Amino acid sequence: MLDFRVRSKTRQLTHDFSGRRKFLVLFMMACMLTVLCRAIDLQVLSKQFLKYQGDIRQIDDVSVSANRGMIKDRNGAPLAVSTPVESIAINPRELKTDDKNQLKQMENEYRHKNNLEKLTDTDKARVLNDFHQERAVKIRQMEKLLNLPSEKMAELLNEEPLRPFAYIARRINPGLGDQIKDLKLAGVYIEREFKRFYPTGGVSAHIVGFTNVDDIGQEGMEAGYEKLLKGTSGSKRVIRDGQRRIIEDVESIKEPVPGKNLELSIDQRIQYLAYRELQLAVNANKAKSGVVVVLDAKNGEILAAVNQPSFNPNTRSNLKESLYRNRALTDVFEPGSTVKPLVVAAALDGGYVSPNATFATQGTYQSDVIRLKMYITTARWI
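Report on the accompanying structure.

Reading the values: the criteria
- Residues numbered from 1 in each chain as written.
- Predicted model: local features only at pLDDT ≥ 70, side-chain atom pairs only at ≥ 80, totals over all residues.
- Heavy atoms only, no water.
- Helix = DSSP H or I, 4+ residues; strand = E, 2+ residues; numbered from the N terminus.
- Expected span 1.5 Å × (residues − 1).
- Buried < 20%, exposed > 50% of the residue type's maximum accessible area, 1.4 Å probe, protein only.
- Arc of directions from axis to C-beta.
- Polar contact = N/O pair within 3.5 Å; in protein donor to acceptor, adjacent residues only side chain to side chain.
- Core = buried A, V, L, I, M, F, W, Y, C linked by side-chain atoms within 4.5 Å.
- Contact = heavy atoms within 4.5 Å.

**Some details on helix H11 (residues 268-284)**
(1) Moving on: Here H11 spans 24 Å end to end across 17 residues, near enough to the 24 Å set by a 1.5 Å rise per residue.
(2) Moving on: Listed in full, the buried residues belonging to H11 are Gln 268, Gln 271, Ala 274, Tyr 275, Leu 278 and Val 282. The buried side chains of H11 occupy one side of the element, clustering within an arc of 115° when seen end-on. In H11, those exposed residues whose orientation departs by more than 90 degrees from the buried face are Arg 269, Leu 280, Asn 283 and Ala 284.
(3) Moving on: Backbone nitrogen of Arg 269 and a side-chain oxygen of the N-cap are separated by 3.1 Å at the start of H11; the cap is Asp 267.
(4) Moving on: One or two positions beyond H11, positive phi appears at Lys 286, with a value near 50°.

Below, the structure written as structure tokens:
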């Protein structure tokens with residue numbers, strides 16, 4: 001009898017993964033060895049190179065302005081001195097770009113304030129909008145503090161292409177500079193400079209002259225003795241943060257050499273008296289201009305030299321260039337009676353006349369060379 005029942009056959013299938021396992025282990029070990037080699041390369045072999053690359057992105061050399069020399073009168077009274085001031089400059093590109101660190105800080109504050117574990121896209125958009133509004137408010141505050149035109153900052157931030165650097169205020173009071181610094185605006189930089197101050201104002205303006213915004217002499221002694229007065233700038237090494245702001249001084253590379261002082265023969269007391277009397281005389285006679293020069297008769301030193309009209313070198317906005325002209329040195333005028341003592345002295349010294357000689361004038365005097373017209377028609381002693 002035949003049995004047609006299907007007999008079940010038990011098959012045992014065996015899979016050998018040892019090869020794959022070995023490959024995986026070797027691959028992981030190779031990866032770990034690569035990471036280890038790379039770490040050794042970065043921490044040991046390339047340490048100095050990487051340190052240098054990091055330093056050049058954070059450490060910078062900046063110029064240190066030198067103090068300009070003083071101008072004094074013969075008694076040591078100051079006629080021109082330099083005082084420390086600050087200038088405000090901006091990087092429009094950086095100012096217009098969102099500060100990631102400050103934005104992240106505002107997001108964290110928003111998250112803690114509202115007890116949120118994670119910010120949604122809507123929350124982030126709200127924080128970004130607050131950041132833009134806060135920056136706009138600070139920019140308006142800066143414009144108000146610096147008394148800038150209302151459209152000045154808008155023009156700088158909307159220029160195409162954006163410039164990398166621009167001054168918005170020069171030679172401001174350090175206290176005002178501290179208020180700008182407290183705004184903590186990215187892209188706003190404060191530079192220390194020196195501003196020239198003239199204690200005597202218009203009294204000695206034509207002699208002393210003045211400097212421009214870069215502290216370079218433009219008129220008078222300031223221009224004539226520029227090399228003597230200006231000094232030599234120094235340099236120092238500083239550390240900057242991610243916003244390129246100076247956060248620490250590292251070392252002094254080169255000390256600035258201050259300019260030398262300049263002492264004039266002018267006596268400021270006589271200068272003031274001459275200025276006052278000339279101003280009264282010009283006003284009383286309704287003259288367009290006037291000049292007074294006071295000399296020391298013993299050695300010819302100039303004790304005073306004043307001009308009218310004058311100007312204040314501390315505030316020169318909207319002044320005409322004609323006011324800067326030192327008429328006592330540049331203008332030509334007829335000597336008139338002031339030369340008569342010299343002519344008489346030369347005639348007596350040469351023996352051409354005697355002390356008791358007289359000349360009868362009849363309105364004109366004819367010599368072999370020239371015919372002179374006289375305004376005095378009576379005989380007078382020389």
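And the narrative resumes.
**Focus on the nonpolar core**
(1) Moving on: Counting residues in hydrophobic clusters, the biggest one holds 18 residues, and the most contacted among them are Ile 88, Met 142, Leu 146, Met 153, Ile 168 and Val 188.
(2) Moving on: Contributions of two or more residues to this core are made by strand E3 (78-90), helix H5 (121-146), helix H6 (152-158) and strand E4 (166-172).
(3) Moving on: Of all the elements, E4 adds the most residues to this core, at 4 residues.
(4) Moving on: Ile 168 has contacts with Ile 88, Ile 90, Met 142, Leu 146, Leu 148, Met 153 and Leu 156, leaving out every residue within four places of it along the chain.
(5) Moving on: One finds Ala 80, Phe 210, Leu 323 and Tyr 324 within the second-largest nonpolar core, a separate group that totals 16 residues.

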